[in-house]
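# Summary of structural features
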Amino acid sequence: MSQLPERKIQVLAIETSCDDTSVAIVDSDGVVSICLSADQNLVHAPFGGVVPEIASRNHTMHLLPLIEQALKNSNMDWSKIDAIAVTARPGLIGSLMVGVVTAKSLSQVFRKPLIGVNHLEGHILAPFLKDSKHNPVSSFKTPFVSLAVSGGHTSLYFVPEFGKYQVLGTTRDDAAGEAYDKFGQMLGLGFPGGVNVDRRAQQGDSGKYNFPRTLLAEDSLDFSFSGLKSAAARQIRDIPKSELENEMGHLCASFQEAIADVLILKLELAVKFVDQKLSKSNPNIKRLESVSLTGGVAANSRLRARAEEWALKNNLTLAVPPLRYCTDNAAMIGFAGALQLARGFQSDLSLAPMAQSLPGDFVHELV
Ligand code: KG4
Ligand code: ZN
């Protein structure tokens, strides 16, 4: 591995796993100098979802100008960048390809180490990014349980330390964000629907519609949101068109509450599961003290409020990213890359984009 400087490692990071093109400069303490993103919401909106081919073409247009702008706006040049981190998996293969190929070329041209990052590690680390407006909660401690909820993933992780992640449970069908987007689409709320459902829910009564809370088996840490999606579709169909606008707020609030109920319940179950396992294997650790909530759906105002309330009641420290680091961004990828580099890991030119995570990205049987 190339010699690393004594000062903090500065990483230029690239994220192109789905439809957001993002570039950031982040150091190994998680301090973000700059994070610039170009979304493609308007381009994909007419299709009601991300069109992979269009997403990758737009990445090719946005990426290099964003890199130049990030360096310029932060008064950096390549001599101050120690490494290049890029999301290599999981995601849309064509979108990932644009980021990975660009990162490889830049690493060759400027002779910088290259680090391929798993997008989900990025989300797990997002609550711990620092910038002029945000500092992570100081009482947060490892080990912790992380609930990562996004458009493509809904998973619970046990994190004994940064860099080690055990999957405790994951969605068996739709991710929570995907359910939000489909629900938003059924109501004509545009794409992506999550943020608009959140907005319309502010004026609604969450008890008006009783949507299902699918919990699977009693002790299951997995999720399923396809039943909720179908129930919501049936409910919307049963409402006369002329009344739909009046019911919109109530539908959104009821849907949002159903998702929050399931997520908080599973988070609680995961904490209990880990507590039991930890106390058996290590009597010095009495119980978990910290949890985190992350991913695009962690931007949801109701879910944030419910998580805070629950954490307070259970005497747990909760870390949630500010809204700008909930949805896809390169800052979280840069932090993950910087930590990997500090641990002595880097990728070589065989780094390839992959639609799925690699088994080695996660550790098995930690608890
Ligand atoms: O993490 P992210 O940017 O992309 C993936 O990795 O998938 O998450 C995007 C998801 C979308 O489904 C979007 O609708 C959802 O996050 N989202 C929200 C809110 N803001 C974004 N869902 C509910 N409420 C929000 N305020
Ligand atoms: Zn994401």
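Parameters at a glance
Residues numbered from 1 in each chain as written. Chains lettered and ligands numbered in written order. Predicted model: local features only at pLDDT ≥ 70, side-chain atom pairs only at ≥ 80, totals over all residues. Heavy atoms only, no water. Helix = DSSP H or I, 4+ residues; strand = E, 2+ residues; numbered from the N terminus. Expected span 1.5 Å × (residues − 1). Bend = angle between axes of the 7 residues up to and from the residue. Buried < 20%, exposed > 50% of the residue type's maximum accessible area, 1.4 Å probe, protein only. Lys, Arg positive; Asp, Glu negative; His and termini not counted. Salt bridge = Lys/Arg side-chain N within 4 Å of Asp/Glu carboxyl O. Polar contact = N/O pair within 3.5 Å; in protein donor to acceptor, adjacent residues only side chain to side chain. Contact = heavy atoms within 4.5 Å. Donors = N, O, S within 2.8 Å, 3.2 Å for Na, K, Ca; no water. Axes fitted to C-alpha atoms, helices over the stretch in contact; angles between N-to-C directions. Parallel < 35°, antiparallel > 145°, perpendicular 65-115°, else oblique. Nonpolar A, V, L, I, M, F, W, Y, C, P; charged D, E, K, R; others polar. Phe/Tyr/Trp six-rings, centres within 6.5 Å; stacked < 30°, edge-to-face > 60°.

## With respect to helix α8 (residues 241-281)
Look at α8: 58 Å from first C-alpha to last across 41 residues, which is about the 60 Å you get at 1.5 Å a residue. At E247, α8 is deflected by roughly 60°, the largest bend along its length.

## Describing the side chain of E15
Within the secondary structure layout, E15 lies in strand β1 (residues 10-15). Although E15 lies buried, it forms no salt bridge, and the closest oppositely charged side chain, R89, sits 12 Å away as judged by the N-O distance. A polar contact is formed between the side chain of E15 and the side chain of T87, at a distance of 2.6 Å. Not counting residues within four places of it along the chain, the set of residues in contact with E15 comprises D20, T21, S22, T87, H119, D328, N329, A330 and I333.

## Some remarks on the coordination of the zinc ion (ligand 2)
The protein atoms donating to the zinc ion (ligand 2) are H119 (NE2), H123 (NE2) and D328 (OD), with metal-donor distances spanning 2.0 to 2.1 Å. Mapped onto the sequence, the donors of the zinc ion (ligand 2) take the spacing H-x3-H-x204-D. Residue H123 is found in helix α4 (residues 119-125), and its partner D328 is found in the loop between α10 (323-326) and α11 (330-342); the two are separated by 205 residues along the sequence. Given a relative accessible area of 1%, H123 falls into the buried group.

## So, the packing of helix α5 (residues 176-186) against helix α7 (residues 226-238)
Running from N to C, α5 and α7 point in directions that differ by 10°, and their axes come no closer than 10 Å. Classified by the interaxial angle, the pair formed by α5 and α7 is roughly parallel. Contacts between α5 and α7 involve K182, F183 and M186 from the first element and K229, A232, A233 and I236 from the second. Looking at the contact of α5 with α7, its residues break down into five nonpolar, no polar and two charged.

## Overview of the packing of aromatic side chains
In the structure shown here, the tally under the stated rule is 13 aromatic pairs. Aromatic pair F183 and F255: ring centres 3.9 Å apart, planes at 0°, arrangement stacked. Of this pair, F183 sits in helix α5 while F255 sits in helix α8, and the two are 72 residues apart along the sequence. Relative accessible area serves as the criterion here: at 0%, F183 is assigned to the buried category. Given the relative accessible area of 0%, F255 is considered buried.

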